Amino acid sequence: MRARRYAIVLLATALLAPATSFPNENDTISIGSKADTESRLLAEIMAQLIEARTGLRVERRFGLGGTKIAFESLRQGEIDLYPEYTGTGWIVQLGRTETVSDPLRVYAYVSAEFQRRYDITWMQPFGFSNSYALAMEERVAADLGVTRISDLLPHQEQLRAGVSHEFLNRGDGFPGLAEAYGLRIGDVRGIEHGLSYQAITAGQVDLIDAYTTDGKLAGLNLRLLEDDLGFFPPYDAAAIVRTTTLEAHPELGPLLDELAFRIDNARMQSLNFRVEERGGGFVDVARDFLEEEQLISAVAAQAATPPSRSGDMARWVLQHIALTLAAVLLAVVVAIPTGILLTRRRALAGPVLGVAGVIQTIPSLALLAFMIPLPGFGLGARSAIAALFLYALLPIVRNTYTGIKEVDPDLLEAATGMGLTDSQRLWKVELPLASRTIMAGIRTSTVISIGVATLAAFIGAGGLGEPILTGLQLNNMSLVLSGAVPAALLAIVADFALGRLERRLSTDRS
Amino acid sequence: MICFKNITREFTTPGHGTVVAVRNLTLTVAAGETLCLIGPSGCGKTTTMKLVNRLIEPTSGTITVDGRDILEQDPIELRRRIGYVIQSGGLFPHMTVARNIGLLCEVEGWEPDRTKRRVDELLELVNLPPSEFAARRPGELSGGQRQRVGVARALALDPAIILMDEPFGALDPITRDQLHDEFVALKAAVRKTIILVTHDMREAFKLSDRIALMDRGEIVQIGSAADFRARPASPFVETFLRSHLGGTGDAG
């Protein structure tokens, strides 16, 4: 029993060891970003700047799935820095609820509090604020003479607004805005944000909500209205960095501050536009920006350009298979003995299957996020494998338990009566007769894992989720398909192969 | 020789209280004898048989086999010295006929050659040519063939005692008659002590040396077929015989 337990630990270690990375090695800076275009672009700009101007190696862990994951990764030291917004720090990390319109006050507060509570430093702002705004078509705004939100008041009865559902319902969105300005728009409806730009250019609505640095604005003739009462909280972007990293690399702080106030709203908008609408790559747009600002020389930029994307597909597929395989193998090693144990201690079956069932109901992304703060997990393959492993448990435990429980009791009595020991009965009778059902559980777990593994990219574990995630952000359908199609094929192949194996087991018993 | 001495077995089930399955039973089965346990459902005949290989243990009393208390023996070793045949054979569907029969030889660590010789010998004994049947699976056999394999499996380690739990119960009448004849011939050939549970009085008359008729956990009469016919011990026995033999009394 003890030997077997050691074997499990050894196997787990062997599987996980190669996946471990060491982002805080002395000469490596690990840069994270959230999943949106703007965050990735800012992260890429900082990455190239550091590569070109220091001797440090940069590890890119872009596309992390949301504020919580990015921030937890930073706190755990999985990454050293990522771009964040002051308004997000104010509301999300620090939990402040009151709106403050003074950008300096918000910046001063979050930078002091982050330093005190988390040992994290806010670098100087990049110079733009990605806030909510109201937008009108330039021609309509000119006709009505509207440049500020207050200017809407005389026309409010006949205006039609189409705003995103989130904006319509958030306290710091439309309801608060209407109250602050005493605004009563005649016709307000919630529409999908992606469609609102089409709606306003088609003249179906007069007013939409927008992000002030949205790349789509640059291609359209829209006027952003000035928030003259300062209702919207400031969302000034800046890099946030682990203070220990800044201390270990004194050259880093001053270098990052060279980016301070280089990017105003219009500049950020046009950079986003170049990536999203013109299909420019992050790498090229970031390099062009740094060259234009003379922050790096063209020669250095060439040298700093990371390797091309050829061979990426093979890497994604292999990572995907490795994640799934490691998780399912671990699950088999744990779940089959657990299932067997449950048939011996049936009182445990309800509670254990219940817990495994509850794990399955946790949304995949949330489960991935839970793993990051756990000691020894963090960003990357380990957490992804752990989460996939947890998902894979239930079908295997349940099918092992059911498969053995459903073995004909007469056969068990024959086995016992003829003088087989408990373990001989298990290995020679129960497991072979339950093997088909157990195999069906493994098959279910494998197919689920292949699907969920596409989310591993959110925590920087790679796999076929990487092109899917990037493609979604860039609205690049062919990139999305280049991840989704192989993932689907993998699932189909695994399902087919394991299904064959399952049927072989079943013909053996007929 | 198997001796039951003052055996009582009670079952307690929540909600149903305590049921006495076997009540103060004393019984001796001689070496080489075939004893049939018979009686209505719930009379305790199957419980009595399963006490011998410790599938069920007594609440009180002792059972000895060849003078040794079975409760003081290792149950696994005990069972390997006692063949066990259940209704429709109880064959393992994922194993071939040969592996079913040779399973105990396999777990006893016999050389494969020796196991194969033994399996072939046993298949011949139960009239199933090895070349034709050894490689089949139980699903490819008729009911009678499965039952023969079940008997062959019970004989694998050449045990002195065989327990048979309604072995012919699930067969059609023609096959059953044929297996009865084979059983009688086999019994003469192998000389085992056999305890056979049945609910069929004709079968009991035909196959056994002695019959123990049970009712509500107790033996109401024990004796040969001739004893039963000549001297039924009670109105219950008479009624039981009449209902099972159709009053003709000419079986066996």
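Keep in mind the model is a prediction, meaning the values are calculated, not measured. (Residues numbered from 1 in each chain as written. Chains lettered and ligands numbered in written order. Predicted model: local features only at pLDDT ≥ 70, side-chain atom pairs only at ≥ 80, totals over all residues.)

**Student:** How should I be thinking about the overall build of chain A in this particular structure?
**Tutor:** Tallying secondary structure elements over chain A gives 23 helices and 10 strands in all. Evaluated residue by residue, chain A yields a buried proportion of 44% over its 510 residues. (Helix = DSSP H or I, 4+ residues; strand = E, 2+ residues; numbered from the N terminus. Buried ≥ 20, exposed ≤ 12 C-beta atoms within 10 Å, placed from the backbone.)

**Student:** Teacher, can you tell me more about the overall build of chain B here?
**Tutor:** Looking only at helices and strands, one finds 10 helices and 10 strands in chain B. Once local pairs closer than 6 in sequence are excluded, the contacts in chain B between residues at least 24 apart make up 68%. (Contact = placed C-beta atoms within 7 Å.)

**Student:** What is the right way to look at unusual backbone geometry in this model?
**Tutor:** Excluding glycine, most residues fall at negative phi; most peptide bonds, likewise, are trans. For Gln-294 of chain A, which is not glycine, the phi torsion reads 55° and is therefore positive. As for its placement among the helices and strands, Gln-294 of chain A is situated in the loop between α14 (282-292) and α15 (298-304). The class of Gln-294 of chain A is exposed, set by 7 C-beta atoms lying within 10 Å. Phi is positive for Arg-191 of chain B, which is not a glycine, with a value near 50°. With respect to the element layout, Arg-191 of chain B can be found in the loop between α7 (173-190) and β8 (193-197). With 10 C-beta atoms counted inside 10 Å, the residue Arg-191 of chain B sits in the exposed group.

**Student:** In this structure, what is going on with the interface of chain B and chain A? I would like to understand it.
**Tutor:** Interface size is commonly expressed as the accessible surface area that is lost when the partners come together. Across the contact, 16 residues belong to chain B and 18 residues belong to chain A. Looking at the side of chain B that touches chain A, the elements that each hand over two or more residues are α2 (75-80), β6 (82-86) and α3 (97-107) of chain B.

**Student:** Help me understand the pairing of strand β10 (residues 218-223) of chain B, please; the structure alone is not making it clear to me.
**Tutor:** Side chains on a regular strand alternate between the two faces of the sheet. Residue and element names in this part refer to chain B. Both strand β9 (residues 210-215) and β10 contribute to a ladder of 5 bridges, which runs antiparallel. Among the inter-strand pairings, Leu-213 is bridged to a residue of β10, identified as Gln-221. In this structure, the hairpin formed by β9 and β10 is closed by a connection of 2 residues, where Arg-216 is found at a positive phi of approximately 50°. (Pairing = 2+ DSSP bridges.)

**Student:** Just to check I follow, could you spell out the sheet that holds β9 of chain B for this structure?
**Tutor:** Residue and element names in this part refer to chain B. Across the sheet, 6 strands lie side by side as β6-β7-β8-β3-β9-β10; this open sheet has mixed pairing. Because the sheet does not close on itself, it has two edges, and the strands there are β6 and β10. Between one strand and the next, the sheet's axes are offset by a mean angle of 15°, whatever the strand orientation. (Axes fitted to C-alpha atoms, helices over the stretch in contact; angles between N-to-C directions.)

**Student:** Help me out: how do you make sense of the nonpolar core in this one?
**Tutor:** Most often, soluble globular proteins keep nonpolar side chains buried together rather than apart. Residue and element names in this part refer to chain A. In terms of nonpolar packing, the biggest core is built from 173 residues, with Ala-384 and Leu-388 touching the most fellow members. Sorting elements by how many residues they give to this core places helix α19 (residues 381-405) first, with 15 residues. The residues contacting Ala-384, other than those within four sequence positions of it, are Leu-323, Leu-368, Ala-453, Ala-456, Ile-459 and Ala-461. Counting 25 residues, the second-largest nonpolar core is a separate cluster that includes Ile-149, Leu-207, Ala-210 and Leu-217. (Core = buried A, V, L, I, M, F, W, Y, C linked by C-beta atoms within 7 Å.)

**Student:** Is there a simple way to explain the sheet that holds strand β4 (residues 60-65) of chain B in this structure?
**Tutor:** Backbone hydrogen bonds hold the strands of a sheet together, and the pairing may be parallel or antiparallel. Residue and element names in this part refer to chain B. Taking strand neighbours across the sheet as the criterion, the 4 strands line up as β2-β1-β4-β5 in an open arrangement whose pairing is antiparallel. This sheet does not close on itself; its edge strands, each paired only once, are β2 (17-29) and β5 (68-69). In this structure, β4 lies alongside β5, joined through 2 bridges in antiparallel fashion. Residue pairing across strands places Thr-64 opposite Asp-69, the latter belonging to β5.

**Student:** Sorry if this is basic, but what is going on with the environment of Leu-42 of chain A here?
**Tutor:** Residues and elements named next belong to chain A. Position of Leu-42 among the secondary structure elements: in helix α2 (residues 37-53). Once the C-alpha coordinates of Leu-42 and Leu-271 are considered, the two residues, 229 residues apart in sequence, prove to be 9.8 Å apart. Other than its neighbours up to four places away in sequence, Leu-42 contacts Pro-83, Phe-126 and Ala-237.

**Student:** Mind showing me how you'd approach helix α4 (residues 112-125) of chain B here?
**Tutor:** Residues and elements named next belong to chain B. The first and last C-alpha atoms of α4 sit 20 Å apart over 14 residues, in line with the 20 Å expected at 1.5 Å per residue. Next to the buried residues of α4 lie α3, α5 (130-133) and α6 (143-154). After α4 finishes, the residue Asn-127 shows a positive phi value of roughly 65°. (Expected span 1.5 Å × (residues − 1).)

**Student:** Sorry if this is basic, but what is going on with the environment of Asp-74 of chain B here?
**Tutor:** Checked against the element boundaries, Asp-74 of chain B lands in the loop between β5 and α2. A residue is classified by how many C-beta atoms lie within 10 Å of it, and Asp-74 of chain B, with 10 of them, is exposed.

**Student:** Whenever I open this one, the packing of α3 of chain B against α4 of chain B confuses me. Can you help?
**Tutor:** All names here are of chain B. The N-to-C vectors of α3 and α4 enclose an angle of 130°; their axes lie 9 Å apart at closest approach. Considering their axes alone, α3 and α4 lie oblique with respect to each other. Between α3 and α4 the crossing geometry is right-handed. Here α3 contributes Ala-98, Ile-101, Gly-102, Cys-105 and Glu-106 to the contact with α4, which in turn contributes Thr-115, Arg-118, Val-119 and Leu-122. (Parallel < 35°, antiparallel > 145°, perpendicular 65-115°, else oblique. Left-handed = near helix turned anticlockwise from the far one by under 90°.)

**Student:** Just to check I follow, could you spell out the pairing of strand β3 (residues 81-85) of chain A for this structure?
**Tutor:** Residue and element names in this part refer to chain A. By the criterion of burial, β3 is predominantly enclosed, with 5 of the 5 residues buried. Side chains of β3 alternate between two faces, with Leu-81, Pro-83 and Tyr-85 and Tyr-82 and Glu-84 buried alike. In the sheet, β3 pairs with strand β10 (residues 237-242) via 5 bridges, with the strands oriented antiparallel. Paired with Tyr-82 across the strands is Ile-240, a residue of β10.

**Student:** What's the story with the confidence of the model for chain A in this structure? I'm lost.
**Tutor:** Atomic detail in the predicted coordinates should be set aside for any region of low pLDDT. All names here are of chain A. Per-residue confidence for chain A averages 85 on the pLDDT scale, and 90% of its residues sit at or above 70. Every residue in residues 9-24 is under pLDDT 50, and counting partners more than four places away or in other chains gives 19 contacts. Below a pLDDT of 50 lies the segment residues 304-308, which in the model reaches 6 contacts outside its immediate sequence neighbourhood of four places, other chains included. (pLDDT = per-residue confidence, 0-100.)

**Student:** Is there a simple way to explain the packing of α19 of chain A against helix α21 (residues 422-452) of chain A in this structure?
**Tutor:** The relative placement of two packed helices comes down to the angle between their axes together with the axis-to-axis distance. Residues and elements named next belong to chain A. For the pair α19 and α21, the least separation of the axes is 8 Å and the interaxial angle reads 160°. Taken together, the axis directions place α19 and α21 in an arrangement best described as roughly antiparallel. The hand of the α19/α21 crossing is right-handed. In this structure, α19 contributes Leu-388, Tyr-391, Ala-392, Pro-395, Ile-396, Arg-398, Asn-399, Thr-400, Thr-402, Gly-403 and Ile-404 to the contact, and α21 contributes Glu-430, Ala-434, Thr-437, Ile-438, Ala-440, Gly-441, Ile-442, Thr-444, Ser-445, Ile-448, Ser-449 and Val-452.

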